[in-house]
Structures are given as structure tokens and as C-alpha cells.
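# Chains, contacts and geometry: an overview
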Amino acid sequence: MKQSALPVLFLAWAIFATPLCAQQRGAASAPAPGTPAARAAAQRESDEILARTYMATKRYQEAADMYEKLAKANPRDPKYLNFTGIAYMQNGDLRSARSWFERCVKLEPRYADAYNNLGATWYSEKNFKRALEYYQRAVQLQPGVAGYHTNVGYAYFSMKQPLDAEQSFKRALLMDPLIFQQNDRSGSVLQDRSVADKGLFAFTMARSYAGTGDAEHCATYLRRSLDEGYKDIAAVHTDPTFAAVLDDPGMQAVLALIPAAQSEAAVPASR
């Protein structure tokens, strides 16, 4: 049964993706009415609805308790282990969350979302190198999930590797141009959107969008970079990544806001 979207806290966690193993499993035939199997299925559906309701109303401990009940009743279904971890994570209990995600990947070693979520627990503790290892494992298992690549990008950026971050963001954008405008997708955690150097981050995002030819969003992030006081913003004039979008009217409007002294220093004399 597909899970509905869970609540998004952009300064903490956004919920992402349907797990590979869940996608691979075929739908079971419905049990005959009135049988023990039918009653068990009805109870399972009722518990799932209640757990999702608790998540939607931010009653995370109650959601965790309900998902634990589902995990105990369905010990061969890893998704309940993953969702229990997400509930604990939303409740701020990283140790418990990590334990449930680890149980999930032990039961299903190819459960990409759980690896991604393990990365998020380490990211939240600022262990970016370890977070990156788990994010990259998720990418290896499901390279087509754009959200995993954004997480890799955030980890690289937090490790002060903006060029590597840009490449990951660009890959995500080529898969899903709306990835940074989306709020939710059930099953996995997209980690903390807050970053230490907001000016450099905005410029990195502008380069990522420029690399995909998206002038509109490039201009939006370039303006944010300017507003955050990014000192090297005039590099936009000479950076070849921006060449294809510089003539866009929106880009021109932002370029006009760059202080003249910075622009003159950056623009080659031949221009």
C-alpha cells in the first residue's frame, strides 16, 4: 500500500521516495472476506491510516508507536522499519531513528531510502563525510532518484566542496527540473536545507541551473547570492557556465544590480 506524503519541515527534513524493494514486490491477492487473513489486512490498513494521521498532525511519538506495532505485526516488511525511523527522526530522536534504519537495511540490504535516511541522521550531527557515504550508497542502489543526488550535493557543500556539490545538483535538475520546488515524496528524508555560507550556496545553485540552461531559476539564485553579499558574484561575467544564459532579460536585470566596480573588474576588456 503506497504511503501518503508526510509533513515537510524544510529547516529539518522533507520526506522523499518510494523504496526500490517496495516497487519490486507485486500486489498480493486480496484474502477471502471474513477469514483471519482478511481481518489482519483490515487491521493493517487501519493502523497505517492512523500512523499517517499522527504524522500529518505532528504527533510523531504516537506515529512511531504505531509504526512499531506495524513492524512487529509484519516482520518481513522493511518499509515499516523505515517509517518508524522517520517518525523518530521527526521527533528529534536520532539515536532511535538510526537504529530503525539500520534494522531496515539489515532486513533488506537494497532498501535505498533507508541508506539515504541513515545519511540524514549523520548529516544532522554534522558528520558530513559519513553522511555522504550513506547518500552515495543510496545513489548506487537507485541512481534515478533526484532527491538522493540533492542530498549528496548538500553533503559536498557542507564539506566545502562546492564544485562537487554543483555537479550533484545539476544531475538532480536534469532528472527533475522541479526538484528544488517540490515539498514531499513519501518514504525518505531529504536533509537540512540550512547551510553555513548562504551566498556561496546561492551562487552554486545559480551555476547548477545555468548548466541546465534554466535562466529563470539561475537569475533567482544569482539575486539571492547578491543579496547575501557573495564577494565573488562578478565572476558570472567570465564563468563559461553562465555564458548561455547571460542574455536572458531576467539575468540582465540581476547583472545590472552588481556594483559597477565589481563588474568592471570582472568583465574582460574585449567585451
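Our structure is the block above this text.
Residues numbered from 1 in each chain as written. Predicted model: local features only at pLDDT ≥ 70, side-chain atom pairs only at ≥ 80, totals over all residues. Heavy atoms only, no water.

## Considerations on the pattern of salt bridges
Tallying each qualifying case throughout the model produces 12 salt bridges. For Arg52, the salt bridge identified is with Glu48, shortest N-O distance 4.0 Å. Residue Arg52 and its partner Glu48 are located together in helix H2 (residues 36–56), separated by 4 residues, close to a single helical turn. We note that Arg52, like Glu48, is buried. A salt bridge links Glu166 to Lys170; the shortest N-O distance between them is 3.9 Å. (Salt bridge = Lys/Arg side-chain N within 4 Å of Asp/Glu carboxyl O. Helix = DSSP H or I, 4+ residues; strand = E, 2+ residues; numbered from the N terminus. Buried < 20%, exposed > 50% of the residue type's maximum accessible area, 1.4 Å probe, protein only.)

## Describing the side chain of Asp239
Here Asp239 shows up in the loop between helix H11 (215–227) and helix H12 (249–255). Judged by relative accessible area, which is 15%, Asp239 ranks as buried.

## Remarks on the packing of aromatic side chains
A ring pair, where both rings are aromatic, is described by two values, the distance of the centres and the angle of the planes. Taken as a whole, this structure holds 11 aromatic pairs when the rule is applied. Consider the rings of Tyr67 and Phe83, whose centres lie 5.4 Å apart with planes at 20°: the pair is stacked. On the criterion of sequence distance, the pair formed by Tyr67 in helix H3 (residues 60–73) and Phe83 in helix H4 (residues 78–90) is long-range, its members being 16 residues apart. Taking relative accessible area as the criterion, Tyr67 reaches 0% and is therefore assigned buried. By relative accessible area, Phe83 is classed as buried at 3%. Residues Phe157 and Phe201 carry aromatic rings whose centres are separated by 5.2 Å and whose planes lie at 80° to one another, so their mutual orientation is edge-to-face. Taken together, the residues span a long stretch of sequence, with Phe157 in helix H8 (residues 146–158) and Phe201 in helix H10 (residues 198–211) at a distance of 44 residues. We note that Phe157, like Phe201, is buried. Members of the aromatic cluster, connected to one another through ring pairs, are Tyr154, Phe157, Phe169, Phe180, Phe201, Tyr209 and Tyr221. (Phe/Tyr/Trp six-rings, centres within 6.5 Å; stacked < 30°, edge-to-face > 60°.)

## A look at the nonpolar core
Counting residues in each nonpolar core, the largest one holds 78 residues, and the members touching the most others are Tyr67, Phe180, Cys218, Leu222, Val236, Phe242 and Met251. Dropping the residues within four chain positions of it, Val236 is found in contact with Phe203, Leu222, Phe242, Leu246, Met251, Leu255 and Ile258. (Core = buried A, V, L, I, M, F, W, Y, C linked by side-chain atoms within 4.5 Å. Contact = heavy atoms within 4.5 Å.)

## Description of H8
With 13 residues, H8 should reach 18 Å at 1.5 Å per residue; the first-to-last C-alpha distance of 19 Å fits that figure. Most of H8 is tucked away: 12 of the 13 residues are buried. (Expected span 1.5 Å × (residues − 1).)

## With respect to the side chain of Ser168
Take Ser168: it is sitting in helix H9 (residues 162–175). What Ser168 contacts, discounting residues up to four positions off in sequence, is His149, Val152, Gly153 and Tyr156.

## Some words on the packing of H2 against H4
Remark: H2 packs on H4, axes separated minimally by 11 Å, with the N-to-C direction vectors making an angle of 25°. Put simply, H2 runs roughly parallel to H4. Viewed along their axes, H2 and H4 form a crossing whose handedness is left-handed. Across the interface between the two elements, Arg44, Glu48 and Met55 of H2 pack against Lys79, Tyr80, Ile86, Ala87 and Gln90 of H4. When grouped by side-chain class, the residues that make up the contact of H2 with H4 number 4 nonpolar, 1 polar and 3 charged. (Axes fitted to C-alpha atoms, helices over the stretch in contact; angles between N-to-C directions. Parallel < 35°, antiparallel > 145°, perpendicular 65-115°, else oblique. Left-handed = near helix turned anticlockwise from the far one by under 90°. Nonpolar A, V, L, I, M, F, W, Y, C, P; charged D, E, K, R; others polar.)

Geometric values such as these leave the question of function open.
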